[in-house]
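# Architecture and fold: a report
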Amino acid sequence: MDLTAICEALKATQETDGEARRKAEEMLDAASTSSPNQLVLALAGVLAQNVTQVADPLRQEAAVILRQLVNGLPTRESVWEELEAQTKTEVMAQLLKSIGGEDSKAVRRNVGQVAAAIATIAADDFDELNKSWPELLPTLSQFVGVGCDVSTRVIALGILKDLIPTV
């Protein structure tokens, strides 16, 4: 799924036209079943774009849908365990990059929620978290340190708060 196609689907999910929104949601549901790796990578690719390439509302929607794919929904199981290791690695790297470099506070907050969801699913304890996502804790430590802007610190601290039961 290329950037244009995923952006069109994301835009349609925000339409007031119920039929267009329903078709987009069905397309995303079908992609989550038939090609979850491509869908997850496409959503992460949207998060990698800046505001001049993809508007904030679409990047926020990409993060929300990515979180739903990671966590699952009452009508859909999580796809995280089905993903290839390379896909997981790319997504986790992109999330950390977005948390540290995203200009939009709202997008950054949504990306932080995705990162927390992945970390919670990926590990049951500290050692397992360090094995499954070794970059997470050192990067979050950098984000809460001196030199990062306040909103990045808040997101990093929020992720750490969500990880308390895990670590």
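## Some remarks on the side chain of Thr13
Relative to the assigned elements, Thr13 resides in helix H1 (residues 3-13). Assessed through its relative accessible area of 10%, Thr13 is described here as buried. Of note is the side chain of Thr13, whose polar atom sits 2.6 Å from the backbone oxygen of Leu10. Setting aside residues up to four positions removed in sequence, Thr13 forms contacts with Arg21, Ala24, Glu25, Leu28 and Glu61.

## Let's talk about a negative patch on the surface
Taken together, Asp124, Asp125, Asp127 and Glu128 make up a surface patch of like negative charges. Checked against the element boundaries, Asp125 lands in the loop between helix H6 (105-122) and helix H7 (126-132). For Asp125, a relative accessible area of 36% corresponds to the partly exposed category.

## Considerations on the environment of Gly100
Tracing the backbone shows Gly100 in helix H5 (residues 85-101). Put simply, Gly100 and Lys161 are 61 residues apart on the chain and 18 Å apart in space, counted from C-alpha to C-alpha.

## Let's talk about the nonpolar core
Soluble globular proteins tend to pack their nonpolar side chains together in the buried interior. In this structure, Ile6, Leu43, Leu95, Ile118 and Trp133 are the most contacted members of the largest nonpolar core, which totals 49 residues. Elements supplying a minimum of two residues to this core: H1, helix H2 (18-34), helix H3 (36-48), helix H4 (56-71), H5, H6, helix H8 (136-144) and helix H9 (150-163). If we ignore the near neighbours within four places in the chain, the residues touching Ile6 are Met1, Leu28, Leu39, Ala42, Leu43 and Val46.

## Comments concerning the packing of H1 against H2
With their axes 7 Å apart at the nearest point, H1 and H2 run at an angle of 135° to one another. By the angle between their axes, H1 is oblique relative to H2. H1 and H2 meet at a crossing whose hand is left-handed. Together, Ile6, Ala9, Ala12 and Thr13 of H1 and Ala20, Arg21, Ala24, Glu25, Met27 and Leu28 of H2 make up the contact between the two elements.

The rules we used
- Residues numbered from 1 in each chain as written.
- Predicted model: local features only at pLDDT ≥ 70, side-chain atom pairs only at ≥ 80, totals over all residues.
- Heavy atoms only, no water.
- Helix = DSSP H or I, 4+ residues; strand = E, 2+ residues; numbered from the N terminus.
- Buried < 20%, exposed > 50% of the residue type's maximum accessible area, 1.4 Å probe, protein only.
- Polar contact = N/O pair within 3.5 Å; in protein donor to acceptor, adjacent residues only side chain to side chain.
- Contact = heavy atoms within 4.5 Å.
- Patch = residues over 30% accessible without salt bridge, like charges linked within 9 Å, V, L, I, M, F, W, Y side chains within 5 Å.
- Areas by Shrake-Rupley, 256 points an atom, 1.4 Å probe, with all protein chains shown as cover.
- Salt bridge = Lys/Arg side-chain N within 4 Å of Asp/Glu carboxyl O.
- Lys, Arg positive; Asp, Glu negative; His and termini not counted.
- Charge placed at Lys NZ, Arg CZ, Asp CG, Glu CD.
- Core = buried A, V, L, I, M, F, W, Y, C linked by side-chain atoms within 4.5 Å.
- Axes fitted to C-alpha atoms, helices over the stretch in contact; angles between N-to-C directions.
- Parallel < 35°, antiparallel > 145°, perpendicular 65-115°, else oblique.
- Left-handed = near helix turned anticlockwise from the far one by under 90°.

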